[in-house]
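# Architecture at a glance
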Amino acid sequence: MPLTPPAEPDPELKMNWASFYAVISGVNRHSTGIGRIWLSVLFIFRILVLVVAAESVWGDEKSGFTCNTQQPGCNSVCYDHFFPISHIRLWALQLILVSTPALLVAMHVAHRRHVDKRIYKLSGRSNPKDLEMIKTQKMKISGALWWTYVISLFFRIGFEVTFMYLFYMIYPGYKMIRLVKCDSYPCPNTVDCFVSRPTEKTVFTVFMLAVSGVCIILNIAEVLFLVGKAYGKHLHTAGESTVGAWIQQKLCS
Amino acid sequence: MSWPILYAQLVGVNRHSTSLGKVWLSVLFIFRVMVLVVAAESVWGDEQSDFTCNTLQPGCENVCYDQFFPVSHIRLWCLQLLFVSTPPLLVTMYVAYRNQRDRKRLLEGSGRSSFLSNKSQEEDLDTLKRRRLPIAGALWWTYAFSLLFRLLFEGGFMYALYVVYDGFHMPRLVQCDQWPCPNLVDCFVSRPTEKTIFTVFMTTISSICMVLNMAELSYLVAKAVTRSLCGQKERKRRSSREDA
């Protein structure tokens, strides 16, 4: 079978990630500085790399998977046995799931704005200028919004770690092997099957793994930053106070 | 498939939805449309070209593929998403009709009173366009019907998928003896495990959407019941005050 150049990524696919990015980056306004860095890392080093590079590397994963047999169906079955779910699909799901907790924050902000609008209307300040100001003002990350933000960060970290673990379980050692031996029906005996572009796939897997690790570190740093900031504010307003008292106040607020 | 066009239409509905409706719309676009486009379509991309039968008989593969896959999962999901997204447009149509009616009344009213300036008329028309109608009266019924239709379509398509594919599992091997296959031949499906994973995922998200719709419907019914009870109390109080 002649070696074919990798397929160009579908332009509609690029457009859909772009619209997804537009939705997620709307949350950016209410994030901390670290949150914005995380979003840039996510978009540039993960989504963009996935769309412009990784998808072409994995594009011929099935057509380029060749087994040393002419038995029809053996290729298909062995491919299915060794690659239950492709890296590309796992990464796409990971990126979608990791980005969605940010929408919790967006929903909370929208709810707060709605409540503020109602309060303004009841207090008689219902001119369009005031209502516009509510729409454009940046919400402070305090009170219930602080909790929503921190919980969304924990969800992000949870999803990242879960997917890294899944990768490890399905593809042990994160390495793509060159040769797999397969004896599932209808292969006549143990046949050698060769994976397409194994080294390039290993390079990209390690790269995506490293960036995933960086994102986890950014999320942990953001959690520590928020906790530190909130504790610092508590110390400032309440004078001398113990950590226990701060935790109690946070839980009861 | 131009999903952004559908998204643009539905975002307009979002303004007149309840909070649960807004959550439903986000789940629909992120976990169903996005996943369909960026992941599922590439899994099913080679479903016919990589469907291999253990025979050299020309036409056998075509015929067997057609027998076991009358409608592809991808097409069923696209249709399901289209059908499920259209009932909310009923709500948009009704809101547009209400706005049109109120605009007409406003213009007629200002035409009679000549001292109303153009600027205040423009401001009124603007507020009319931007206002959010409360979900009561005929709008409540339209919204409730749109929810019912959504539930019916979701359930119907899930049932259709279950019946056509005999469950949500994709087998690795199917045995086919349609003409012109010489005898019972083994045919192998491409990427069956990945397809099963995505089928289960899409079915789960579909069920979550159904739960959201049912919760929204219960919320609307509860809101209507409390509103009518409050209305009754208010009427009783007023009549007792008038009697006194």
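As the structure is a prediction and not an experimental result, all values here were calculated from the model. Throughout this document, residue positions are counted from 1 along each chain, in the order its sequence is written. Whichever chain is written first becomes A and whichever ligand is written first becomes 1, with later ones labelled in order. It should be noted that, the model being predicted, local features are given only for residues of pLDDT at least 70 and side-chain atom pairs only at 80 or more, the latter also being counted only at that level, while totals for whole chains, interfaces and linings use all residues. No hydrogens and no water enter the side-chain calculation; it runs on all heavy atoms of the structure.

A few words now on the interface of chain A and chain B. Contacts between the two partners involve 32 residues from chain A, matched on the other side by 32 residues from chain B. When chain A packs against chain B, the two sides together hide about 2,800 Å² of surface, and 65% of this comes from carbon and sulfur. The quantity reported as buried area is the accessible area (1.4 Å probe) lost by two parts once they are put together, taken as the sum for both. Interface area lost by chain A to chain B is led by Lys62, Asp80 and Arg89 of chain A, which between them contribute 21%. Salt bridge, as applied in this entry: a Lys or Arg side-chain nitrogen positioned within 4 Å of an Asp or Glu carboxyl oxygen. Counting across the interface, chain A meets chain B through four salt bridges. The partner of Arg89 of chain A in a salt bridge is Glu194 of chain B, with the nearest N and O atoms 2.8 Å apart. Here a helix means four or more residues in a row that DSSP labels H or I, a strand means two or more in a row labelled E, and each is numbered from the N terminus. Sorting the residues of the side of chain A that touches chain B by element identifies helix H1 (11-25), helix H3 (74-82), helix H4 (87-99) and helix H5 (101-122) of chain A as the ones contributing at least two each. Any two residues whose heavy atoms approach within 4.5 Å at even a single point are treated as in contact.

Where charged atoms of side chains with opposite charge meet at close range, the side chains can pair. By the definition in use, this model includes 14 salt bridges over all chains. For Asp60 of chain A, the salt bridge identified is with Arg197 of chain A, shortest N-O distance 3.0 Å. One end of the pair, Asp60 of chain A, is in the loop between helix H2 (33-57) and strand S1 (66-67); the other, Arg197 of chain A, is in the loop between strand S3 (191-194) and helix H8 (198-238), and 137 residues separate them in sequence. Here the term buried applies to any residue with accessible area under 20% of the maximum for its type, exposed to any over 50%, and partly exposed to those in between, with areas from a 1.4 Å probe on protein chains only. You can call Asp60 of chain A buried: its relative accessible area is 14%. Residue classification places Arg197 of chain A among the partly exposed positions, given a relative accessible area of 25%. Here Asp50 of chain B ties to Lys62 of chain A by a salt bridge, and the two come within 3.0 Å at their closest N and O atoms. With Asp50 of chain B in the loop between helix H2 (19-43) and strand S1 (52-53) and Lys62 of chain A in the loop between H2 and S1, the pair connects residues from two separate chains. Judged by its relative accessible area of 10%, Lys62 of chain A is buried.

UniProt positions are given in the numbering used here, feature names are shortened, and annotations may be inferred rather than shown by experiment. Sequence positions flagged by UniProt for "domain: Connexin cysteine-rich" (unreviewed entry) are, in local numbering, residues 159-226 of chain A. Helix makes up 60% of residues 159-226 of chain A and strand 12%, with an end-to-end C-alpha separation of 20 Å.

Let us look at the state of the cysteines. Residues and elements named next belong to chain B. Disulfides are defined in this document as cysteine sulfur pairs within 2.5 Å. What the rule picks out here adds up to six disulfides over all chains. With its sulfur 1.9 Å from that of its partner, Cys60 forms a disulfide with Cys181. Looking along the S-S bond of the Cys60-Cys181 disulfide, the torsion reads about 105°, which is the right-handed sense. With Cys60 in helix H3 (residues 60-68) and Cys181 in the loop between strand S2 (173-176) and strand S3 (185-188), this residue pair connects regions lying 121 residues apart in the sequence. Exposure remark for Cys181: the relative accessible area of 7% places this residue in the buried category. Of note for chain B: the bonded cysteines, numbered N- to C-terminal, pair according to 1-6, 2-5, 3-4. Counting its disulfide-bonded cysteines in sequence order, chain A shows a connectivity of 1-6, 2-5, 3-4. Here Cys209 is not disulfide-linked; the sulfur of Cys78 is the nearest cysteine sulfur, at 15 Å. Using a relative accessible area of 0% as the deciding quantity, one classes Cys209 as buried.

A few words now on the UniProt feature "transmembrane region" (unreviewed entry) in chain B. Residues and elements named next belong to chain B. Per the UniProt annotation, the sites labelled "transmembrane region" (unreviewed entry) are residues 23-40, 74-97, 138-165 and 197-222. In this annotation, residues 74-97 is assigned 96% helix and 0% strand; the end-to-end C-alpha distance for the span is 35 Å. When the span residues 197-222 is considered, its composition is 100% helix and 0% strand, and the gap between its end C-alpha atoms is 38 Å.

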